[in-house]
Amino acid sequence: MSIEKVKEYLEQFEAADRVMEFDASSATVDLAAEALHVDGARICKTLSFRNKEEGAIVVQMAGDAKVDNHKYKHTFGVKAKFLTPEEVLDFTGHPIGGVCAFAIDREDVKVYCDESLRRFDTVFPACGTANSAIEVTCDELFEFSRALEWVDVTKLPEISE
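In this convention, every chain numbers its residues from 1, walking through the sequence in written order. Owing to the predicted nature of the model, reporting of local features is limited to residues with pLDDT of at least 70; listing and counting of side-chain atom pairs is limited to 80 or more, with chain, interface and lining totals taken over all residues. Computation of side-chain values: all heavy atoms of the structure, hydrogens and water removed.

## Here's the deal with the pairing of strand S3 (residues 56-62)
Now for step 1: Per-residue accessibility, obtained with a 1.4 Å probe over protein chains only, is compared with the maximum for each type, and a residue is labelled buried under 20%, exposed over 50%, and partly exposed between these values. Helix numbering and strand numbering both begin at the N terminus, where a helix is a DSSP run of H or I of at least 4 residues and a strand a DSSP run of E of at least 2. Buried residues dominate S3, accounting for seven of its seven residues.
Now for step 2: Sheet analysis places strand S2 (residues 43-50) next to S3, joined by seven bridges and oriented antiparallel. Paired with Leu 47 across the bridge in S3 is Val 59.
Now for step 3: Counted between consecutive antiparallel strands, the loop separating S2 from S3 contains five residues.
Now for step 4: Pairing of S3 with strand S5 (residues 109-114) involves five bridges; the strand directions are parallel. Paired with Ala 56 across the bridge in S5 is Val 109. In this analysis, strands are considered paired if DSSP registers two or more bridges between them.

Structure (structure tokens):
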């Protein structure tokens, strides 16, 4: 049911027909990369955190990125504390494994895009279920998710030579 809400939401951007559904799970970065036949770094994972008040912070980041606690605290003024699965569903309307920043209708949820995504022409966020995705440009992701700004709150894996 969450995917229908996302498709309906994406109609305003004329993007609903771009939503893909898979027979297999795409609930993790690795599973999504396998389903889409792309590098896992291009999977846009959407993580949800508690903010200073009673709301939530949602950050969309590259699949290979990890939250950098120092950068996160510097940017948001609070320690990075993940929401529980129940809280994620309550705040975003999407279950773990299908969380995206589309069709979130709560004023107390603030959405951001992380700079780690800008390495790619297109990325693949979920669409509300554990077996869905859409290919979007970074500009589209920012627009479709109604993100407030681009932030730098992650670190990328060290590349060994």
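## Here we look at the pairing of S5
Now for step 1: The element S5 is largely enclosed, with a buried count of five among its six residues.
Now for step 2: As judged from the two bridges shared by S5 and strand S9 (residues 150-151), these two strands associate in the parallel manner. Along S9, the bridge assignment pairs Asp 114 with Val 151.

## Points about helix H1 (residues 2-10)
Now for step 1: Taken as a whole, H1 has its buried residues at Ser 2, Ile 3, Val 6, Lys 7, Tyr 9 and Leu 10. Taken end-on, H1 shows its buried residues confined to a sector of 160°, consistent with a single buried face.
Now for step 2: For H1, the secondary structure elements touched by its buried residues are strand S1 (20-21), strand S7 (132-133) and helix H5 (138-144). In this description, one arc is meant: the one made by directions from the helix axis to the C-beta atoms. Only heavy atoms matter for contacts: two residues are in contact if any of them lie within 4.5 Å across the pair.

## Let's talk about the side chain of Thr 154
Now for step 1: If you trace the backbone, Thr 154 turns up in strand S10 (residues 154-155).
Now for step 2: Classification of Thr 154 by relative accessible area gives buried; the value is 4%.
Now for step 3: Engagement of the side chain of Thr 154 in a polar contact is seen with the side chain of Asp 114, the distance being 2.6 Å. Pairs of N or O atoms within 3.5 Å make up the polar contacts considered here, provided that, within protein, one atom can donate a hydrogen while the other can accept it, and that residues adjacent in sequence are counted only when both atoms are side-chain atoms.

## Points about the pattern of salt bridges
Any two side chains of opposite charge can pair if their charged atoms end up close together.
Now for step 1: The working definition used for a salt bridge is a side-chain nitrogen of Lys or Arg within 4 Å of a carboxyl oxygen of Asp or Glu. Overall, the coordinates contain ten salt bridges when judged by the stated rule.
Now for step 2: Lys 71 is paired through a salt bridge with Asp 152; the nearest N and O atoms lie 3.1 Å apart. Of this pair, Lys 71 sits in helix H3 (residues 69-76) while Asp 152 sits in the loop between S9 and S10, and the two are 81 residues apart along the sequence.
Now for step 3: Judged by relative accessible area, Asp 152 falls into the partly exposed class, the value being 38%.
Now for step 4: The network of salt bridges with shared partners includes Asp 90, Arg 106 and Asp 108.

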